[in-house]
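Reading the structure
For reference, the chains in residue letters:
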Amino acid sequence: MGRWEDNLPPRDTSLIIADPVYSDYNMINGITDIAIQRGIPLCIFMFPIDLCYISNKPNQICHWVKPISTKNTCKNYSNFVEVICFYNVKFHKTLHWSNRSGIFTDTIISNEEHPWKKPESLIEKLILNHYPNEGIIYDPCAGSRTVEVVCKRLGLPSVSVDIKDYKIGG
């Protein structure tokens, strides 16, 4: 538990997967700066509008099309699409081409643990595509602990940091 700034990626980090507070450009830019400076591959989620305000241009942008809901639609259009920005990433496994389409449609089966949880299947695809089979997977915004849960299931080492401590599994 703690702020990511006080718990920077360990030296042997080989992949960062981050889902920061959207529109928090200090956090988004800080995480991308660290990844770029250290040459660590980074997959970072954000809203499409956030692309207008980030300081580092990603190497690639993919999209996660979320299930349609009426949440947060009373004053604005809903954000049913999030972007995943990639920095310094390479493919490390030979997966079916559909795992590299750039458009992800994974859904969440249950969302009782955390309001902003990402689908485990989506995180697993990112890990399987971009983890080089050595080093630590670092999650600096681990509120729902999804990266940690997927890493544990896959038998991979991970470090999770979040300012709040959420309970996993209800």
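Every chain is numbered on its own, with residues counted from 1 as its sequence reads. With the structure being a predicted model, the display of local features is reserved for residues of pLDDT at least 70 and the display and counting of side-chain atom pairs for 80 or more, all residues being used for whole-chain, interface and lining totals. Only hydrogens and water are set aside; all other atoms, that is, all heavy atoms of the structure, feed into the side-chain values.

**Remarks on the overall build of the protein**
Helical segments are the DSSP runs of H or I of at least four residues, strand segments are the runs of E of at least two, and each set is numbered from the N terminus. Summing up its helical and strand segments, the protein has three helices and seven strands in all. Beginning at the N terminus, the succession of helices and strands in the protein can be written as β-α-β-β-β-β-α-β-α-β. Accessibility here uses a 1.4 Å probe with only protein chains present; expressed as a share of the type maximum, an area under 20% marks a residue as buried, one over 50% as exposed, and anything in between as partly exposed. In the protein, buried positions account for 43% of the 170 residues. When contacts within the protein are restricted to residue pairs at least 6 apart in sequence, those whose partners lie at least 24 apart make up 68%. Total accessible area computed for the protein in this model is approximately 9500 Å², and 53% of it derives from carbon and sulfur atoms. Whether two residues are in contact is decided by their heavy atoms: any pair within 4.5 Å suffices. Note on areas: Shrake-Rupley with a 1.4 Å probe; residue coverage comes only from the protein chains shown.

**Details of the pairing of strand S4 (residues 81–87)**
With six of its seven residues buried, S4 lies for the most part within the structure. Think of it this way: DSSP has to see at least two bridges between two strands before they count as a pair. For strand S2 (residues 42–46) and S4, the ladder comprises five bridges, and the chain directions are antiparallel. Bridging across to S4, Ile44 finds its partner in Cys85. Sheet topology note: the strand S3 (residues 60–65)/S4 ladder contains six bridges and is antiparallel. Each bridged residue has a counterpart across the sheet, and for Ile61 the counterpart in S4 is Cys85.

**Concerning the state of the cysteines**
When the sulfur atoms of two cysteines come within 2.5 Å, that pair is taken as a disulfide. One pass over the full model with this rule turns up zero disulfides. Its sulfur unpaired, Cys62 is 8.9 Å from the next cysteine sulfur, which belongs to Cys43.

Any link to function would need more than the numbers given here.
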